[in-house]
Amino acid sequence: MEKHNLEARAAAEAAARQSYGKLVAYLCARTHDVAAAEDALSEAFAAALASWPEKGVPERPEAWLMTVARNRSIDVIRHRKTASASMTELEQLFAERQADTGETLPDERLGLMFACAHPAIDAAVRAPLMLQAVLGFDAAAIASAFLVRPAAMGQRLVRAKRRIREAGIPFGVPGRDELPARLDGVLEAIYAAFAEGWSDPAGTETKRRSLAGEGIWLGRLVASLLPEEPEALGLLALMLFAEARRAARRGPAGDYVPLAEQDTALWDARLIEEAEALLRRAGAAGTIGRYQLEAAIQSAHVARRQGGKTDWPAIVVLYDALAALSGSPVVAVNRAVALAEAEGAEAGLRELDRAAEDRRLADYQPFWAARAGLLAQRGDGAAADAAYARAIGLETDEAVRRFLQQRREALRR
Amino acid sequence: MKYMLCIYVDESAQPAAAVDAPHQMSPAFAAYVEALRESGILVGGDRLKPTETATTLRVVDGEAQVLDGPYADTKEQLAGYLVIDVPDIDSALSWAARCPGASRGTLEVRPIWE
């Protein structure tokens, strides 16, 4: 019995992971009611855990869950959650019959993602919404990743789902003319999820590390469903380049290792090759975009593993193009760093000064770290010390803080 | 809005303070406070002496009871606080995440009645 139980639980969990988003997407494709679909599905999973240990795991667990959830969702709509969680004998028979007919689920996940990242949904909640609706993350886990109170995150998600239902936000892939702009929202949300996971470089926090993995998973999904979209391929390439370097970002003692000092032998060659191939495929389409440019910059950085040298002038050109596209202050900082490598500290500092006109950079750690490094190169010790102090005070990661501290102390020697 | 960041740490796990200057903040902490100040959001804050110096008092039936030690004997103890003035809780949380105390202990973020 115990073993049976574990097996049933494992089967339910495997089905959950693999098909959660598919089931949610399918259920709410017509009703537009994400919350009701999630409720129905969670009841279906509860029913599965109650029934499978006794009766065995059905041959096609996904179809079984689907049928029960669909019946539940009709129930839920009819009675608005007055339905009991227990399953009648008849319902169960019906579920098994349906599951045996062998119908395959159409994959509506892309439509669900477009709904989650719709312009009518607050940009800040798009990534959390996607993580919940497509991957089944709970509000508390999402809240931690995005540094938001769990109760507030829960409310935002509920509000967004209500909006999808009540504002009649469409489910589905938009038409050709609308696609580029709308796809942008989807890709941005995926990248936001990935970046939240990426910001835990040591990978000590499982929740966050898995978020980077989930971002890649979503990126793969979009790239496989829209294989002709260069930006979808570009984003996946970008995430894979970053992921490939994960192991090299920390020394054996958990110390932070900057990109320039990373041991290229620790980079994941398989992921890099996959990313390069994606980038080539994207380039063939002949329309450049933000993610392709960022991936190309990553590609220029990893080229070091063969030549041992980084082509900084080429990276500056890529940043020029990126700055022209986005005008983001973060891009301006990165561009200044690349420029300093290509033309010297003075040129970089001039660029940083220009970028600093954007007040948002005042609280941006990499701006201060870059400034400190360039000031130190120029021999301006006192100003470098102050800039390092600011960078240290703005950093959230203990290992990076230690690294900046060491750089700061080195100034005094 | 003003928020109080209460910094709780495990005193026994703290790095031994410099013998000659036990009142000094660690460089990382000093940098953090400096960043708060530079951003114009720091209202105030203090570092507290260890709980072995704490005294607890309450009046029961009109009689004062004074005890040695902290209010609650928990593993992590209040080690200091900062008051910051920021637009909202999200901003308060992002500043709390930068506090070195958050990597070593726990930060409680509480809005202040105004």
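Here, every reference points to the structure presented above.
So, how was this worked out
Residues numbered from 1 in each chain as written. Chains lettered and ligands numbered in written order. Predicted model: local features only at pLDDT ≥ 70, side-chain atom pairs only at ≥ 80, totals over all residues. Heavy atoms only, no water. Helix = DSSP H or I, 4+ residues; strand = E, 2+ residues; numbered from the N terminus. Buried < 20%, exposed > 50% of the residue type's maximum accessible area, 1.4 Å probe, protein only. Contact = heavy atoms within 4.5 Å. Areas by Shrake-Rupley, 256 points an atom, 1.4 Å probe, with all protein chains shown as cover. Salt bridge = Lys/Arg side-chain N within 4 Å of Asp/Glu carboxyl O. Polar contact = N/O pair within 3.5 Å; in protein donor to acceptor, adjacent residues only side chain to side chain. Nonpolar A, V, L, I, M, F, W, Y, C, P; charged D, E, K, R; others polar. Phe/Tyr/Trp six-rings, centres within 6.5 Å; stacked < 30°, edge-to-face > 60°. Lys NZ or Arg CZ within 6 Å of the ring centre and 35° of its normal. Core = buried A, V, L, I, M, F, W, Y, C linked by side-chain atoms within 4.5 Å. Expected span 1.5 Å × (residues − 1). Pairing = 2+ DSSP bridges. Axes fitted to C-alpha atoms, helices over the stretch in contact; angles between N-to-C directions.

(A) Expanded view of the overall build of chain A. Along the backbone of chain A there are 20 helices and zero strands. The buried share of chain A, taken over its 413 residues, is 52%. In chain A, of all internal contacts separated by at least 6 residues, the share reaching a separation of at least 24 is 65%. With the model as given, the accessible surface of chain A reaches about 19200 Å², and the carbon-plus-sulfur share is 52%.

(B) How the structure looks around unusual backbone geometry. One non-glycine residue, Leu147(A), lies in the positive phi region at around 55 degrees. Assignment of secondary structure puts Leu147(A) in the loop between helix H7 (139–145) and helix H8 (150–166). In this structure, Asp61(B) takes a positive phi of about 50 degrees despite not being glycine. Its place among the elements puts Asp61(B) in the loop between strand S3 (55–60) and strand S4 (63–68).

(C) Up close: the interface of chain A and chain B. Residue-level contacts link 15 residues of chain A with 18 residues of chain B. In this assembly, chain A and chain B are joined by three salt bridges. A salt bridge links Asp90(B) to Arg156(A); the shortest N-O distance between them is 3.1 Å. Connecting chain A to chain B are seven residue pairs in polar contact (both at pLDDT 80 or more). It is helix H19 (residues 381–394) of chain A that contributes the most residues to the side of chain A that touches chain B, five residues altogether. Of the residues contributing to the side of chain A that touches chain B, the split by class is five nonpolar, three polar and seven charged.

(D) Seen up close, the packing of aromatic side chains. Per the counting criterion, the structure on display carries five aromatic pairs over all chains. Ring geometry for Tyr191(A) against Tyr291(A): centres 5.8 Å apart, planes inclined by 80 degrees, an arrangement best described as edge-to-face. Within this pair, whereas Tyr191(A) is found in helix H9 (residues 179–198), its partner Tyr291(A) is found in helix H13 (residues 290–302), the two being separated by 100 residues in sequence. Comparing Tyr191(A) with Tyr291(A), the two get one shared label, buried. Ring centres of Phe367(A) and Trp368(A) lie 5.1 Å apart, and the angle between their planes is 85 degrees; on these two criteria the pair is classed as edge-to-face. Relative accessible area serves as the criterion here: at 15%, Trp368(A) is assigned to the buried category. If you follow Arg98(B) out to its NZ or CZ, it ends over the ring of Trp95(B), 4.5 Å from the centre.

(E) Region of interest: the pattern of salt bridges. All names here are of chain A. Taken as a whole and assessed by the stated rule, the structure comprises 29 salt bridges over all chains. Close ionic contact of Lys 22 with Glu 62 constitutes a salt bridge, the shortest N to O distance being 3.9 Å. One end of the pair, Lys 22, is in helix H1 (residues 2–31); the other, Glu 62, is in helix H3 (residues 61–79), with 40 residues separating them in the sequence. Arg 290 is the partner of Glu 294 in a salt bridge, and the nearest nitrogen-oxygen pair spans 3.0 Å. Note that Glu 294 and Arg 290 are positioned in helix H13 at a spacing of four residues, about one turn of the helix. A residue is classified by how much of its surface remains accessible, and Arg 290, at 29% relative accessible area, is partly exposed. Via salt bridges that share partners, Asp 320, Arg 335, Glu 351 and Arg 354 belong to a single interconnected network.

(F) Representation of the nonpolar core. Core analysis: the largest hydrophobic core is formed by 93 residues, its most contacted members being Leu112(A), Met113(A), Met130(A), Phe146(A), Val186(A), Ile190(A) and Val222(A). Top element by residues in this core is helix H11 (residues 230–244) of chain A. It accounts for 11 residues. The residues touching Ile190(A), leaving out its near neighbours within four places in the chain, are Met113(A), Met130(A), Gly215(A), Leu218(A), Gly219(A), Val222(A), Leu235(A) and Met239(A). Grouped together as the second largest cluster of nonpolar side chains are 48 residues, Ile7(B), Ile84(B), Ala92(B) and Leu93(B) included.

(G) Helix H1 (residues 27–38) of chain B, seen in detail. With 12 residues, H1(B) should cover 16 Å at 1.5 Å per step; its first-to-last C-alpha distance of 16 Å lies within 8% of that length. Among all positions in H1(B), only Ala28(B), Phe29(B), Ala31(B), Tyr32(B), Val33(B), Ala35(B) and Leu36(B) are buried.

(H) Up close: the side chain of Gln365(A). Residue and element names in this part refer to chain A. Looking at the secondary structure, you find Gln 365 in helix H18 (residues 365–378). Overall, Gln 365 belongs to the buried group, its relative accessible area being 13%. Among residues more than four places away in sequence, those in contact with Gln 365 are Ala 391, Leu 394, Glu 395, Val 400 and Leu 404.

(I) Layout of helix H17 (residues 345–355) of chain A. Listed as buried for H17(A) are Ala345(A), Ala347(A), Gly348(A), Leu349(A), Glu351(A), Leu352(A) and Ala355(A). Buried-residue contacts for H17(A) involve helix H16 (329–343) and H18 of chain A.

(J) Fine view of the sheet that holds strand S5 (residues 76–85) of chain B. Residue and element names in this part refer to chain B. Overall, antiparallel pairing links the four strands, which are arranged S2-S5-S1-S6 in an open sheet. Looking along the sheet, the strands with just one partner apiece sit at the ends: strand S2 (42–47) and strand S6 (106–111). Averaged over all neighbouring strand pairs, the angle between strand axes comes to 20 degrees, with direction disregarded. As paired elements, strand S1 (residues 2–10) and S6 share six bridges and run antiparallel to each other. Directly across from Tyr 3, in S6, lies its bridge partner Pro 111. Helix-sheet contacts for H1 involve S1, S2 and S5, and the interaxial angle to S5 is about 25 degrees.

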